[in-house]
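Summary of the model geometry
Chain by chain, the residues:
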Amino acid sequence: AIPLVVAISTAISAQRGLLIRNRTAFEEARKITAMVFDKTGTLTEGEFGVTRVQIVAPTLDETGLLRIVAALEQQSQHPIAQGIVREAKKRQLDLPGITNFQSITGKGISATVDGQTVLVVSPGYLKEKGISQPADAKSNGAETVVFVLIDDALAGYVALADKIRADSKEAVQRLQQAGIDVYMATGDNQQVADAVAKELGLNGVYAEVLPDQKVAIVKDLQQQGKFVAMTGDGVNDAPALAQANVGIAVGSGTDVAAETADIILVNSKPTDITNLVEFGRATYRKMI
Ligand code: ADP
Ligand code: MG
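Residues numbered from 1 in each chain as written. Chains lettered and ligands numbered in written order. Predicted model: local features only at pLDDT ≥ 70, side-chain atom pairs only at ≥ 80, totals over all residues.

1. What about helix α9 (residues 211–223)?
Its 13 residues place the ends of α9 19 Å apart at the C-alpha level, agreeing with the 18 Å of an ideal helix rising 1.5 Å per residue. Among all positions in α9, only Pro-211, Lys-214, Val-215, Ile-217, Val-218 and Leu-221 are buried. Take α9 and look down its axis: the buried residues cluster within an arc of 155°, on one side only. Buried residues along α9 sit against β2 (34–38), β9 (181–185), β10 (204–206), β11 (228–232) and α10 (238–243). (Helix = DSSP H or I, 4+ residues; strand = E, 2+ residues; numbered from the N terminus. Expected span 1.5 Å × (residues − 1). Buried ≥ 20, exposed ≤ 12 C-beta atoms within 10 Å, placed from the backbone. Arc of directions from axis to C-beta. Contact = placed C-beta atoms within 7 Å.)

2. Quick notes on the environment of Gly-187
In this structure, Gly-187 sits in the loop between β9 and α8 (190–200). Distance in space between the C-alpha atoms of Gly-187 and Lys-39 is 8.3 Å, their sequence separation being 148 residues. With residues up to four places along the chain from it excluded, the contact list for Gly-187 reads Gly-106, Ser-122, Glu-208, Val-209, Leu-210 and Asn-236.

3. Quick word on the site of ligand 1
In the vicinity of ligand 1, 21 residues are found, and the nearest of them are Thr-40, Ser-76, His-78, Ser-122 and Gly-187. The class makeup of the residues in the shell around ligand 1 is five nonpolar, eleven polar and five charged. The residues that make up the shell around ligand 1 include at least three from each of domain 1 (4–45 + 164–287) and domain 2 (49–161). (Near = placed C-beta within 6 Å. Nonpolar A, V, L, I, M, F, W, Y, C, P; charged D, E, K, R; others polar. Domains from an automatic or database assignment.)

4. Quick word on the sheet that holds strand β8 (residues 153–161)
Pairing is antiparallel across the open sheet formed by six strands, whose spatial order is β3-β8-β7-β6-β5-β4. Because the sheet does not close on itself, it has two edges, and the strands there are β3 (49–55) and β4 (99–104). On average, each strand axis in the sheet is tilted by 15° relative to the strand beside it, whichever way the strands run. (Pairing = 2+ DSSP bridges. Axes fitted to C-alpha atoms, helices over the stretch in contact; angles between N-to-C directions.)

5. Brief notes about the packing of helix α4 (residues 62–73) against helix α5 (residues 79–90)
Contact geometry for α4 and α5: axes closest at 9 Å, N-to-C directions at 130°. The orientation of α4 relative to α5 falls into the category oblique. In this structure, α4 crosses over α5, and the sense of that crossing is left-handed. Across from Leu-66, Arg-67, Val-69, Ala-70 and Glu-73 in α4, the residues of α5 making contact are Ala-81, Ile-84, Val-85, Glu-87 and Ala-88. Residues belonging to the contact of α4 with α5 are distributed by class as follows: seven nonpolar, no polar and three charged. (Parallel < 35°, antiparallel > 145°, perpendicular 65-115°, else oblique. Left-handed = near helix turned anticlockwise from the far one by under 90°.)

6. Description of the domain arrangement of the chain
Under the domain assignment used here, the chain contains domain 1 (4–45 + 164–287) and domain 2 (49–161). Taken over C-alpha atoms, the centre of domain 1 sits 30 Å from the centre of domain 2. Of all the elements in the fold, those that place two or more residues in the side of domain 1 that touches domain 2 are α3 (39–43) and α8. Ranked by the residues each element gives to the side of domain 1 that touches domain 2, the list is headed by α8, at four residues.

7. Thoughts on α4
When the terminal C-alpha atoms of α4 are compared, their 16 Å separation across twelve residues agrees well with the 16 Å that a helix rising 1.5 Å per residue should span. Turning to α4, its buried residues are Leu-65, Leu-66, Ile-68, Val-69, Ala-70, Ala-71, Leu-72 and Glu-73.

8. Looking at the nonpolar core
Core analysis: the largest hydrophobic core is formed by 51 residues, its most contacted members being Met-35, Val-36, Tyr-183, Met-184, Val-218, Met-230 and Ile-248. Considering every element that reaches this core, the biggest residue donor is α8, with five residues. Those residues in contact with Val-36, other than ones at most four positions away along the chain, are Tyr-183, Ala-185, Ile-217, Val-218, Val-228 and Met-230. Counting residues in hydrophobic clusters, the runner-up holds 33 residues, among them Phe-48, Ile-68, Val-118 and Val-146. (Core = buried A, V, L, I, M, F, W, Y, C linked by C-beta atoms within 7 Å.)

This is the structure in structure tokens:
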């Protein structure tokens, strides 16, 4: 039989936009002392619009670059990919065929187009390969930039902008009022991460991190004696969701994140977590 406390809490949770997959998570939520949020699709809407397409090598024009990038991104589910494919549709581009599509988790994607190897990758990947970013790619802190490499040479980049979710700031503030330290861990670049962290008043920010580093961040906080929740939407967040004391998936995110999480935010609203923490604490005060 389902214990009464669980039955009540599960029913109430459903009304509050929460799907509890692991019964103990409801009880655990009130113990959270550190919250790690993913950025893209979690604190932000994950609805990217293309703001700039820039060529670096003169062998392609802007449209040519976008055609190739969109052809690769059609195979990806990343929010960046959806933004780029939308832009290509808006411009009514016909896209070349691709083969050998692969995703490089937390870093980007690759495929073969017309016998050439094309990569669409993060600034971190570029740094790893010792390729420097064009100066104008760094100029705007609010933009997310992905770089296009064709046969290992930088061909250009696409800049995109995302929006912070309407209730992210309130969620962060209320968690902090409940004595919880709020961090963000993102695969995106430092400038974008800092801009979001400042806007939301976060306690700490980790940028350009890979999926296994998200796990390490959670572990590190746990070793500091914190009871850690992780909230994310992506395939790349799943290992950290599993490591966290409470794993929370954003409803609009990927199936992999949802399947790994203890709790799903059905309406993708960060304040629903805040409600859960506050409500969990109040409920246990009454029941014990
Ligand atoms: P986040 O932690 O913000 O959700 P991810 O770990 O999913 O970010 O991705 C990290 C970075 O890897 C992105 O900011 C982007 O630079 C790059 N990336 C990931 N997937 C793609 C893709 N499909 N196309 C282009 N770049 C990608
Ligand atoms: Mg994400």
